[in-house]
Amino acid sequence: MTKSLYGAKEANAIWVYLEQDEGRLEGVSLELMGKARELANGRGIPVVGVLLGDQLSGLAQEAIAAGADEVRVADDPLLRQYTTDGYTKVFTELILEGKPDILLLGATPNGRDLAGRIAVRLRTGLTADCTDLKLEEETGLLIGEVTGFGGGILAYIKCPDNRPQMATVRPGVFAVPEPDTARQAKVVSVPVKLAEKDIKVQVVEHAVGQGVDITKAEVLVAAGRGCQGDFTLVNELASLLDGEVGWSRVPVDEGWVSRDCMIGQTGYVTRPKLAIVCGISGAFQFTVGVEKAETIVAINIDAEAPIFEQADYCIVDDMFNVLPPLIEAVKRARGGNGGR
Amino acid sequence: MRPLHIIACVKVVPKPEEVKVNSETMTIERGDVRSEINPPDMNVLEMALTLKEQHGGKVTVVAMGPPLFAPYLRLALAMGADEAYLLSDRAFAAADTLATSYALAQGIRKIGDYDLILCGEESSDGATAQVPPGIAEWLNASQITYAEDLEVLPDSGMVKAKRELAGGYEVIQVPLPCTASVKVGANEPRFMDMERKAWAEAEGPVTIWAAEDIDVDPEMIGLPGSPTIVDGLAQAEATERKREFLAGTPQEQAKALVERLQAYL
């Protein structure tokens, strides 16, 4: 058995990695903080947020309002931008000093980049891309729910002996908790032992913030193979409904669009009020990303497409036949209340 | 210019649409399921072969799995890879990401003299995306995950790539040797070279290594080396949906739909 660098006996607390970029917290970090609070309640387990970066004043308060009992802040100019080597070194040292029992990170590109590296450095288990978390009643062990391939199989994974029990969780799986601004907790500034020579990664260019966050969309119009790379009508419908546009994996594999707004098992889990799914057959790998929608509309040319099993309103036709009259009908309906 | 030695890690996976679940035993039936090279790994092979064309050198394919995976490695040779290694031993089976990345890293160490290790962004079956950073850590190499537009700068011994971020991207430069995971769809994978295909099938160099052939601690591979365990399986519960089919012309369907969606307009 590969032994982790510390064991279960010494381990305590749930730690949540508070991922930030350019001074903005990732939504998934607050989602995880809310979930950690819920798991810890009644068990007397402290919940600790860990923040790495440069000049982060203010972000700790957001984590406290979301449920942290304590926030540890590693503030250093060398941590201004995420680098695998710099962040792994600092975070690993914090972990070895604090010995958390559980460590949760968002399954964002950087969260996964960091988690995979830290787990091996600490010789511990990592349950990746969880769709739910719970604590085992008798043992308090973390159980991560992950989706297996095909057919909607869920697997429950635990890490009995090695510590910390690490998990990454998809953005959008848990809701962001209502902030409790009256909540008080301590913010601890931790010393950073990091030198320039520890960082081999050079960030040449960095651009964030232009993208949309489809996990927060109230209305989502999604397109797949059936759009044949033409998103014009889909974009028009989404903008009429003040919504966002997402897609299944096919448009990414076909090179029509990037992965930024990909929905599903390997993309984002969304929770809109309304999802209009156009030209997507509805394999499990996709539907896992929209099934939390309040109402689902499916438009597909194939009456046998599995998406219709998952939809509230079903239209069997080519999306290009349906979307133009639908856009007109929405315009008329909106016109009635003054339009927008 | 110095030639490059590129290691392309590939995984052979069951075709997802053919995987069936036995709902009584809650086991995954793989019996008749056909396999394929993990689709994201086709982007790995393409990137490896393109870099070899630019810089010279060779592409070595590495995979882990049963001996029946060997023909898939021959497909990679037919695409243009030079040699292939299959880590195949019952002792490697049932490995989680820690044990998998360790075994692959030790296999790569034995192959030796590598500059760049390319992996797929994630596998279509497990989809953890955690093996590439794991390999990088075991080999003390730098890493670039979700990479596209990857350039090797041989004079400075660096590699530069664009990588995906939440809501954006960055361009980073790291020293070789480097492990990179290639973003899905980063390129258009080439087809097999039909002339190479006959060679690959008949005499393509595919070496099968058992655990004892590479320097691994038997306690750190397979099930014993995996700190995580599967505690149970369940069928995902689907939300009950109305499943109301709207009839008529597209205009009538659109009208009926808008009436039903009033609350959201």
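Residues numbered from 1 in each chain as written. Chains lettered and ligands numbered in written order. Predicted model: local features only at pLDDT ≥ 70, side-chain atom pairs only at ≥ 80, totals over all residues.

Let's shift gears to the sheet that holds strand S9 (residues 132–135) of chain A. With antiparallel pairing, 4 strands are arranged side by side in an open sheet as S9(A)-S10(A)-S11(A)-S14(B). With one partner strand each, in any of the chains shown, S9 of chain A together with strand S14 (229–235) of chain B form the two edges of the open sheet. Averaged over all neighbouring strand pairs, the angle between strand axes comes to 25°, with direction disregarded. As paired elements, S9(A) and strand S10 (residues 142–147) of chain A share 4 bridges and run antiparallel to each other. (Pairing = 2+ DSSP bridges. Helix = DSSP H or I, 4+ residues; strand = E, 2+ residues; numbered from the N terminus. Axes fitted to C-alpha atoms, helices over the stretch in contact; angles between N-to-C directions.)

Where helix H4 (residues 109–121) of chain A contacts helix H4 (residues 131–138) of chain B, the axes come no closer than 8 Å and their chain directions differ by 45°. As the angle between them shows, H4(A) and H4(B) are arranged oblique. Helix-helix and strand crossings are classified by hand; for H4(A) and H4(B) the assignment is right-handed. From H4(A), A:Asp113, A:Gly116, A:Arg117, A:Val120 and A:Arg121 reach across to H4(B), where they touch B:Pro132, B:Pro133, B:Gly134, B:Ala136, B:Glu137 and B:Trp138. (Parallel < 35°, antiparallel > 145°, perpendicular 65-115°, else oblique. Left-handed = near helix turned anticlockwise from the far one by under 90°. Contact = placed C-beta atoms within 7 Å.)

The omega angle of the peptide bond from A:Arg163 to A:Pro164 is -5°, so this bond is cis rather than trans. Relative to the helices and strands, A:Pro164 resides in the loop between strand S12 (162–163) and strand S13 (165–169). Backbone torsion omega between B:Leu176 and B:Pro177 reads -5°, so that peptide bond is classified as cis. One can find B:Pro177 in the loop between strand S11 (168–175) and strand S12 (178–182). One non-glycine residue, A:Glu22, lies in the positive phi region at around 50°. In this fold, A:Glu22 is placed in the loop between strand S3 (20–21) and strand S4 (24–25).

With that settled, consider the interface of chain B and chain A. Taken residue by residue, the interface counts 76 residues in chain B and 82 residues in chain A. The class makeup of the residues in the side of chain B that touches chain A is 38 nonpolar, 20 polar and 18 charged. As paired elements, strand S11 (residues 153–158) of chain A and S14(B) share 6 bridges and run antiparallel to each other. Paired with A:Ala155 across the bridge in S14(B) is B:Leu233. (Nonpolar A, V, L, I, M, F, W, Y, C, P; charged D, E, K, R; others polar.)

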